[in-house]
Amino acid sequence: GLIRVREFIMKDLYSFDIDEEGLDISYNKMLNAYQNIYARCGLPVLLVEADSGAIGGKDSHEFMITTDTGEDEMIHCPNCDYLANAEKAQSTKEKLPDEELLPLEEVATPGITTIGGLSDFLKVPQNKTLKVVFYIADEEFVIAVIRGDIEINEVKLKNALHCVELRLANEDEVKKAGLVAGSASPIGVSGIKVIADDSITSGANFVAGANKPDTHIKNANYPRDFKIDLITDIAKAKAGEECPRG
Ligand SMILES: [Zn+2]
C-alpha cells in the first residue's frame, strides 16, 4: 500500500502570473501534469480539497489514494465529485426547526459535566445543547461554542482565529478566566473572545452551562441571551450530512 511519506520532500513552484486569472491557468496546468504522472504510474489518485496550512492561500489540493492503512480522512459526496480532506470539508450540519423562544430557566444538574450526561439527565437530544470548549490562541483565552452534537474542527478554528498556535486551555487557565469547566456557556461572559460555529444559529431553546458548578440553563437563545464575536463554520463535517454543493 501507499501511505503518506514520513520523509517530507518539498518542491516550490512560483508562476509569476500578473493576475488571479493567470494563476488559475498555471494552477490547472500543474494539476494536469501531476494527474498525468499518477496516471502513467497506474495510481488511481483522488483530487482532494485541502487546507492551505500556515502558508495560506485560497485553493489547495492533495492527491490521495484510499487505503485501509491510511492516516488521513476525506469526505466525499456519492452524488457529485465533492471530495475534501476532513480538515477542510465544509460542514452543512442538520438544520433545526424554529421554535417560540422560551424564557431562560436555571436547572440543577448535580455532577453533570459532559454533553452526553446532560442529554441523558435532562432528556434532551444532544443537538439541543450548547457545548463550550476553551482554547489558548496565541496566548489569548478564547471560548468556542458549538451545538452539542457536533465536534470542533481545530484546523478551521485556527484559520478563523488567524492564530499561529492553538491549544486547549488547562484547568488553571479556565479557572483564572472565571469559568466552570462542564457548566460553561457564553451567557454573561464579557472580556473574553467568543467564537461560535454557525450551527448555533438554527434551532432554539438550547440547554447551556450556567457558569456555576452543577447548574445549567434551559432555553438559551442566540442572539437574545449572549454575544458572539465571530460566527463561522468551525465544525467537523460528518458522514451523512448534506453535500455543500447542494
Ligand atoms: Zn455532492
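Since this is a predicted model, take the numbers as computed values, not measurements.

When you go through the chain residue by residue, the secondary structure sums to four helices and twelve strands. Dimensions of the chain, computed from the C-alpha atoms along their principal axes, are close to 65 × 40 × 35 Å. Sequence-distant contacts, at least 24 apart, represent 66% of the contacts inside the chain between residues at least 6 apart. For the chain, the accessible area works out to roughly 15,200 Å², and carbon and sulfur atoms hold 52% of it. Each charge sign in the chain was given a centre, from 26 positive and 42 negative side chains, and these centres are 2 Å apart.

Next up on the list: the nonpolar core. If you look at the biggest cluster of nonpolar residues, it comprises 24 residues, and the most contacted ones within it are F134, F141, I143 and V145. Those elements that place two or more of their residues in this core are β6 (130-137), β7 (140-147), β9 (193-197), β10 (206-209) and β11 (215-220). Counting residues per element, this core draws most heavily on β6, which supplies four residues. Apart from residues lying up to four places away in sequence, I143 is in contact with V132, V133, F134, L179, V189, I192, K193, V194 and I195. Y135, V142, I150 and A160 belong to the second-largest nonpolar core, a separate cluster that totals 16 residues.

In spatial order, the strands read β5-β11-β10; together these three strands make up an open sheet with antiparallel pairing. The two strands at the open ends of the sheet, each matched to only one other strand, are β5 (105-108) and β10. Averaged over all pairs of adjacent strands, the angle between their axes in this sheet comes to 35°, without regard to strand direction.

Along the chain, Y222 connects to P223 via a cis peptide bond; the corresponding omega equals 5°. Structurally, P223 can be placed in the loop between β11 and β12 (230-232). One non-glycine residue, F16, lies in positive phi territory at about 55°. Tracing the sequence through the fold places F16 in the segment before α1 (20-41). F16 sits in the exposed class, given a relative accessible area of 76%.

The next thing to look at is the UniProt feature "domain: YbaK/aminoacyl-tRNA synthetase-associated" (unreviewed entry) in the chain. UniProt marks residues 109-221 with the feature "domain: YbaK/aminoacyl-tRNA synthetase-associated" (unreviewed entry), using the numbering shown here. The annotated region residues 109-221 carries 19% helix and 30% strand content, and the separation between its end C-alpha atoms amounts to 19 Å.

Moving on to the pattern of salt bridges. Counted under the stated rule, the structure contains 14 salt bridges. For the salt bridge of E49 with R245, the shortest nitrogen-to-oxygen distance reads 3.3 Å. With E49 in strand β1 (residues 46-49) and R245 in the segment after β12, the pair connects residues that are 196 residues apart, well separated along the chain. You can call E49 partly exposed: its relative accessible area is 22%. We classify R245 as partly exposed; its relative accessible area is 46%. The salt bridge partner of R245 is D81, with a shortest N-O separation of 2.6 Å. Here R245, found in the segment after β12, pairs with D81, found in the loop between β3 (74-76) and β4 (83-85); they are 164 residues apart in sequence, far enough to count as distant. Several salt bridges converge on common partners, so that one network encompasses K93, K156, D197, D198 and D233.

Moving on, we come to the side chain of S183. With respect to the element layout, S183 can be found in the loop between α4 (171-176) and β9. On the accessibility criterion, S183 (2% relative accessible area) is buried. If near-sequence neighbours (up to four positions away) are discounted, S183 is found in contact with I112, G209, A210, N211, K212, P213, D214, T215 and H216.

This next bit is on a nonpolar patch on the surface. A cluster of nonpolar side chains, F8, M10 and I55, forms an exposed patch at the surface whose accessible area comes to about 420 Å². As for its position among the elements, F8 is in the segment before α1. The exposure class assigned to F8 is exposed, which follows from its relative accessible area of 69%.

Calculation rules
Residues numbered from 1 in each chain as written. Predicted model: local features only at pLDDT ≥ 70, side-chain atom pairs only at ≥ 80, totals over all residues. Heavy atoms only, no water. Helix = DSSP H or I, 4+ residues; strand = E, 2+ residues; numbered from the N terminus. Contact = heavy atoms within 4.5 Å. Areas by Shrake-Rupley, 256 points an atom, 1.4 Å probe, with all protein chains shown as cover. Lys, Arg positive; Asp, Glu negative; His and termini not counted. Charge placed at Lys NZ, Arg CZ, Asp CG, Glu CD. Core = buried A, V, L, I, M, F, W, Y, C linked by side-chain atoms within 4.5 Å. Buried < 20%, exposed > 50% of the residue type's maximum accessible area, 1.4 Å probe, protein only. Pairing = 2+ DSSP bridges. Axes fitted to C-alpha atoms, helices over the stretch in contact; angles between N-to-C directions. UniProt positions renumbered as here; feature names shortened; annotations may be inferred. Salt bridge = Lys/Arg side-chain N within 4 Å of Asp/Glu carboxyl O. Patch = residues over 30% accessible without salt bridge, like charges linked within 9 Å, V, L, I, M, F, W, Y side chains within 5 Å.

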